[in-house]
Amino acid sequence: MSSTHSDNWQAMVREAAIGAAFRRLTLSAPAGAAEPPWEKIVARPVEIRSDRCIQVTYSGGGKNNVRNFREREWPRQFDDLLAGPFTQIHVQTADGDLHIRITRKGRVLISKGAPSVAGPAQALPHNRTKDYPLPADGPDSFLEAIGIKNQRGEVRPSMQAKFRQINAFIGLVEPLVVRSTGDEPLVPARLPRPLEILDCGCGSAYLTFALHHVLVHSRRIRATLTGIDRNREVIEKCLALRDQLGWSDLSFHVADIGAFRPANPPDLVLSLHACDTATDEAIAKGILSNSRAIVAAPCCQHELHHKIKSPHFTAVLRHGILRERLADILTDTFRALALQIMGYRTQVVEFVSADATPKNLLIRAERTQEPGNADAAREYVELKQFWNVEPAIEGLLGTAFRPFV
Ligand SMILES: C[S@@+](CC[C@H](N)C(=O)[O-])C[C@H]1O[C@@H](n2cnc3c(N)ncnc32)[C@H](O)[C@@H]1O
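Computed from a predicted model, the values in this text were never measured in an experiment. (Residues numbered from 1 in each chain as written. Predicted model: local features only at pLDDT ≥ 70, side-chain atom pairs only at ≥ 80, totals over all residues.)

K.L.:
I'd like to hear about the overall build of the chain, residue by residue, with values.
P.N.:
A tally of helices and strands in the chain yields 11 helices and 15 strands. Each of the 405 residues in the chain was classed as buried or not, and the buried ones make up 39%. When contacts within the chain are restricted to residue pairs at least 6 apart in sequence, long-range pairs at least 24 apart make up 66% of them. (Helix = DSSP H or I, 4+ residues; strand = E, 2+ residues; numbered from the N terminus. Buried ≥ 20, exposed ≤ 12 C-beta atoms within 10 Å, placed from the backbone. Contact = placed C-beta atoms within 7 Å.)

Structure, rendered in structure tokens:
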């Protein structure tokens, strides 16, 4: 068994628990009150009417409560479970075990070991390589056309990281779109029109093409995807590839995110590594268009880097890399709080391991209530006053935001 410390343990657990090799997840030793007061939660794959589902057993106070989730609902349920107060996490997969222990001081201790689940993998119908929305193995004319796979059906070495990023990103977006239980989903079937999805700062649009492929071709969902980028050259290439693929219902525009006026208001706004404050523009676009959900993986952030000052943080701010990381954390905290203030239930998660991209943080937000979350507004104002900064998101939201802060 090997032991290690890691700051991206959530992504490690996530990859293990979402993949096809997943066998069992045990969360125990809650540090605070889990709601309701569960002492232990166990999740494992089961087959229900020939569908692979995840069965979650919540135990506490001598009671067991069992819920089954469809496989596509599992990533979101998993994120909710991981956000709970459990300090011991054990993931068993066919490939190996992962133990996480969070100490009282918040240190995360990770150990990996040989698989403790004996015998062959459970006889469940699933892709044995990795349970990705886009399969890693085998020929795929679409992935070949966009340059991710070679003619032998292998992911090109230079595209491995991008492939993992978009697969993980889609894995988080998909349950928002197709969720069938729980909160009101973005169920396209209930919409009298296709679901409108806007990808801001789409660049070469690997994500836009891949999401279109998964939702429209594989899941048969009525969705209209639009990619925008201010770089004319990349948009011209996207349009050429779209025409080559014959996917005429995909659209691309040369546009600045802030200035873009979509023909129809988006239901879902995405951005994957849009530079610096372009992430704020994407979030603001989603909020101001009343989008049902917003998913953004921020990229480089320079906005607060030279603005943050505090006599209490002199020791941190003197080191460039620490200053940069602190500025990143504050920027994303302001974004998450702004979303909460505007009525979005918001999670900040690691969507993929840091080896696929060091920019592996993702903000996922769903509109669940009216704007005006007073607790979030108080936290936002306090944080802003402490650092004496005016975050970009605030200026972009303008008069829609001002009454609350
Ligand atoms: C790092 S690339 C990411 C591209 C793509 N989303 C991906 O993950 O592969 C960032 C893209 O955002 C675009 N971009 C940056 N700021 C923008 C803005 N304000 N409006 C539109 N596009 C922007 C850039 O032109 C660039 O293509």
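K.L.:
How would you sum up the packing of helix H1 (residues 9–18) against helix H2 (residues 74–82)? Please name residues and give values.
P.N.:
Relative orientation of the contacting elements H1 and H2 amounts to 140°, with a least axis distance of 11 Å. Comparing their axes, H2 and H1 come out oblique. The chirality of how H1 crosses H2 is right-handed. Contacts between H1 and H2 involve Gln10, Val13, Arg14, Ala17 and Ile18 from the former and Trp74, Pro75, Phe78 and Leu82 from the latter. (Axes fitted to C-alpha atoms, helices over the stretch in contact; angles between N-to-C directions. Parallel < 35°, antiparallel > 145°, perpendicular 65-115°, else oblique. Left-handed = near helix turned anticlockwise from the far one by under 90°.)

K.L.:
Which residues make up the site of the ligand, and what values do they have?
P.N.:
The local shell around the ligand holds 20 residues, among which Gly201, Gly203, Arg230, Leu272 and Ala278 are the closest. Residues belonging to the shell around the ligand are distributed by class as follows: 11 nonpolar, 5 polar and 4 charged. (Near = placed C-beta within 6 Å. Nonpolar A, V, L, I, M, F, W, Y, C, P; charged D, E, K, R; others polar.)

K.L.:
Which residues make up the packing of helix H9 (residues 320–341) against helix H10 (residues 374–387), and what values do they have?
P.N.:
Between H9 and H10, the shortest axis-to-axis distance is 9 Å and the interhelical angle comes to 150°. Relative to H10, the element H9 lies roughly antiparallel. Considering only the axes of H9 and H10, their crossing is left-handed. For the pair H9 and H10, the contacting residues are Leu330, Thr333, Phe334, Leu337, Ala338, Gln340 and Ile341 in the first and Ala376, Ala377, Glu379, Tyr380, Leu383 and Trp387 in the second. For the contact of H9 with H10, the residue count by class is 10 nonpolar, 2 polar and 1 charged.

K.L.:
I'd like to hear about unusual backbone geometry, residue by residue, with values.
P.N.:
The backbone phi angle of Ala205 is positive, close to 65°, even though this residue is not glycine. A count of 26 C-beta atoms within 10 Å places Ala205 in the buried class. Backbone geometry at Asn388 places phi at a positive 50°, although glycine is not the residue there. Mapped onto the secondary structure, Asn388 falls in the loop between H10 and helix H11 (392–397).

K.L.:
If you had to explain the sheet that holds strand E13 (residues 293–297) to someone new, which residues and values would you point to?
P.N.:
In spatial order, the strands read E11-E10-E9-E12-E13-E15-E14; together these 7 strands make up an open sheet with mixed pairing. Lying at the two open borders of the sheet, with one neighbouring strand each, are strand E11 (251–254) and strand E14 (344–350). Mean inter-strand twist for the sheet, computed between neighbouring axes without regard to direction, equals 15°. Of the pairings in the sheet, the one linking strand E9 (residues 195–200) to strand E10 (residues 223–229) comprises 6 bridges and is parallel in character. Paired with Cys200 across the strands is Ile228, a residue of E10. (Pairing = 2+ DSSP bridges.)

K.L.:
Before we move on, can you summarise the environment of Leu176 with the specific residues and values?
P.N.:
Assignment of secondary structure puts Leu176 in helix H4 (residues 160–178). Taking the C-beta count within 10 Å as the criterion, Leu176 has 20 such neighbours and is therefore assigned buried. Linking Leu176 and Pro75, residues 101 residues apart in sequence, is a C-alpha distance of 9.9 Å.

K.L.:
Residues and numbers for the environment of Ala43, please.
P.N.:
Tracing the sequence through the fold places Ala43 in strand E3 (residues 40–48). The contact partners of Ala43, leaving out residues within four places of it in the chain, are Leu25, Ile54, Gln55 and Val56.

K.L.:
Residues and numbers for the environment of Thr368, please.
P.N.:
Within the secondary structure layout, Thr368 lies in the loop between strand E15 (361–367) and H10. When the C-alpha positions of Thr368 and Arg345 are compared, they lie 6.2 Å apart, and in sequence the two are 23 residues distant.

K.L.:
Go over H9, please, and point to the residues and values.
P.N.:
An ideal rise of 1.5 Å per residue puts 32 Å on 22 residues; H9 measures up with 31 Å between its terminal C-alpha atoms. Within H9, the full set of buried residues consists of Ala327, Leu330, Thr331, Phe334, Arg335, Ala336, Leu337, Ala338, Leu339, Gln340 and Ile341. Among the structural elements, helix H7 (278–288), E13, E14, E15, H10 and H11 are those in contact with the buried residues of H9. Just beyond H9, the residue with positive phi is Gly343, at close to 95°. (Expected span 1.5 Å × (residues − 1).)

K.L.:
Please give an account of H7 that cites residues and values.
P.N.:
Judged by how many residues are buried, H7 sits mostly within the fold: 10 of 11 residues are covered. Listed as buried for H7 are Ala278, Thr279, Asp280, Glu281, Ala282, Ile283, Ala284, Lys285, Gly286 and Ile287. In the core, the buried residues of H7 are packed alongside E9, strand E12 (268–272), E13, H9 and H11. Backbone geometry just after H7 places Asn290 at a positive phi near 60°.

K.L.:
For the nonpolar core, give the residues involved together with the corresponding values.
P.N.:
Counting 76 residues, the largest nonpolar core has Phe169 and Ala338 as the members making the most contacts within it. Sorting elements by how many residues they give to this core places H4 first, with 9 residues. In terms of nonpolar packing, the next biggest core, distinct from the first, is built from 24 residues, Leu27, Trp38, Cys53 and Phe78 among them. (Core = buried A, V, L, I, M, F, W, Y, C linked by C-beta atoms within 7 Å.)

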